[in-house]
Amino acid sequence: MNITAMSLSYFNKSGEQNDQADLVAVKATMQVIQNHLLNIGTFFTLTLCCRNQHTCKFFNNLLEKLFHMWGMSMVRFVVLKENSTERVGGDRRSNLIMTDSFKAFREIHIASYTSRNNYNEFYYIFLQIRDAYLQENLQQIFEYCWAHSMINCSVQVQNSHGDITVYSYFPFTNHYCAHVEPVIINRFNGTDFERPLLFPLKLKNFHGCALRAALQHIPPFVYLDTDAQGNSRIVGGIEGHLLKQLSKLLNFTIEIKTPQEKRYHVDAVGLLEKDEVDITLGCFSQTSALMAVASYVTSYYQTSQVLCVSRQAYALNSLEAFTTPFDGTIWLLTSLTAILCWALCFALSKYWRHSFERRMQTFLNFLAVLLGMSITHTPYMLQGRLLFITWLCFTLLIRSIYQGVLFTYAHRSTIVSIPTDFEELVELNFTVVMSSVNKRLLSDVPLMQKLPSITTTRLDGVSAFDYIRHESKRNYVAVGPLDFLLFYELMHNKTGHFVVMSKDLLNFQITMYLQKHSYLIDQFEHEIWWIRSAGLISGWTLNEVGEMKIAKDEKKIEVIHLQDLSAIFYMFVIGMLASLAVFALEMLSLRLKPLRSVF
């Protein structure tokens, strides 16, 4: 007996079956196209790759019958010949693959099309193979799918009796984690599938399996508690609450790996690229290098980079408190008006002596009216009285405005004017203070390169604000996320340490980063959208850095201290010393003839 010939005959007929079985396969495939693949997208890709001659004839026969039933729909039809290196690009979100072995399936090189995608594709694979080799090939196909994060893989097979069964795999179950075993998920009864789903959700329950996350203790976003053995757990924070809520919804545990503190962003991305972690969170620079190794979900939080200065540095000193009520232009006009009025009084008193009483001190009377004091002698003549009334009305208005503004300054925490935009900072040669982490984020911003900078040695997000508060210099400006500023004020239980410039520097989107083409993308996207729409992130933000309550000491009435009025005491001392000097000169003038003519 020729055993070799019998074996060859067996394999050569591996694709042959009766027309009734072919018709069942056509009906099942047509339902998959109409009810599933075309519901995912407007078109799909049909790929044919078979190496057995009889199986290729079977698929050709199936496609011929299928095209007779085909309605109006778009399809990309790809046939891969043996040893072909040509590739057809384009979107591969929905895929129908017809093949006869894992070896032929592997020649399609699906991963080469989808490894750069940021979404999970759907693959419906029609595997026509002998029953004896079914389980082995199923296992190999699903292992390939899992190795390349193809979570939505379903394989349709038709056995020797013509029965159609659909297999898939579930990587997370009660019995194992991240493991592949073929599982029957559906059957075709000749007219319809027994269950409506051909792509079941596989990540709704991780059954307590662990996902690895690269996290750092960065309040108010993530709070970590690390024990003596170096094991960390999440205890709070905006993003910390988000991860805990995800783990609760999807029933997984979080295994935390902490990157090097000084190189957090670089190391976190490196861990993703090396497949040492599954997740990392935060605000990363959207560079091409990052996009090449990581995928991301929809942004769940936005923060803004703000420029702020220390309020204490810009607080009015005692001299500024007396001069700031009027700006330079008003002081100049007031001084010119006073000089003009005094000059008129001097002219009247000298050339029209009968306009004023004798020995009347015109300068002292002019100064008394300016300061709101009374005078004992009024002008006799009409022109003198008119000048007096005009000066009285003018000084009343100016003095009332000045006193009102001065009263406001004395009872409120008033500051001098601060720069309003970045161009003014450049003109005044300000120094930018920022944390080392924030400096990496802003390294490519041209505006930051125009100013000298100081990088704080501390690695927390509030170090820049703490630096300018304690240095308290007017030419220092801190750059940092608004959330860290609010958190700093919350830590000190008092607002008002800083003045934020009117314009935000940049807006940053905070999101979750995953391995490139991660199997977690779609599931996490769905859950995070639900969490965000439910308002949970807003609630966590309000709890961590939300609206500050007015501190108790801020409710008290502002008290004016003597040091707040030190300038007037300096002026008084200078006046006393000047009057003492004049008194000494007057005494000397009694004995010195040159001085007698002056005094």
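Below is a short write-up of the structure. As the structure is a prediction and not an experimental result, all values here were calculated from the model.

Before going further, it helps to examine the sheet that holds strand β7 (residues 182-188). If you trace the seven strands from one edge of the open sheet to the other, you get β2-β1-β3-β4-β5-β6-β7, paired in mixed fashion. The open sheet has two edge strands with one neighbour each: β2 (74-79) and β7. Ignoring which end each strand starts from, the neighbouring axes of this sheet average 20° apart. The strands touched by helix α6 (residues 134-147) within the sheet are β4 (122-127), β5 (152-158), β6 (164-169) and β7, with β6 carrying the most contacts at an inclination of about 40°.

So, on to the state of the cysteines. Counted by the stated rule, this structure contains three disulfides. With a sulfur-sulfur separation of 2.4 Å, cysteine 145 is cross-linked through a disulfide to cysteine 153. Around the S-S axis, the bridge from cysteine 145 to cysteine 153 shows a dihedral of about -85° and counts as left-handed. Note on accessibility: cysteine 145 and cysteine 153 belong to one class, buried. For cysteine 177, the disulfide goes to cysteine 209, at an S-S distance of 1.9 Å. In this structure, the disulfide formed by cysteine 177 and cysteine 209 twists by about -80° around the S-S bond and is classed as left-handed. Taken together, the residues span a long stretch of sequence, with cysteine 177 in the loop between β6 and β7 and cysteine 209 in the loop between β7 and β8 (210-214) at a distance of 32 residues. Residue classification places cysteine 177 among the partly exposed residues on the basis of a relative accessible area of 45%. Of the residues examined, cysteine 209 reaches a relative accessible area of 1% and is grouped as buried. Numbered by order of appearance in the sequence, the disulfide-linked cysteines of the chain pair as 1-2, 3-4, 5-6.

Parameters at a glance
Residues numbered from 1 in each chain as written. Predicted model: local features only at pLDDT ≥ 70, side-chain atom pairs only at ≥ 80, totals over all residues. Heavy atoms only, no water. Pairing = 2+ DSSP bridges. Helix = DSSP H or I, 4+ residues; strand = E, 2+ residues; numbered from the N terminus. Axes fitted to C-alpha atoms, helices over the stretch in contact; angles between N-to-C directions. Contact = heavy atoms within 4.5 Å. Disulfide = S-S within 2.5 Å. Buried < 20%, exposed > 50% of the residue type's maximum accessible area, 1.4 Å probe, protein only.

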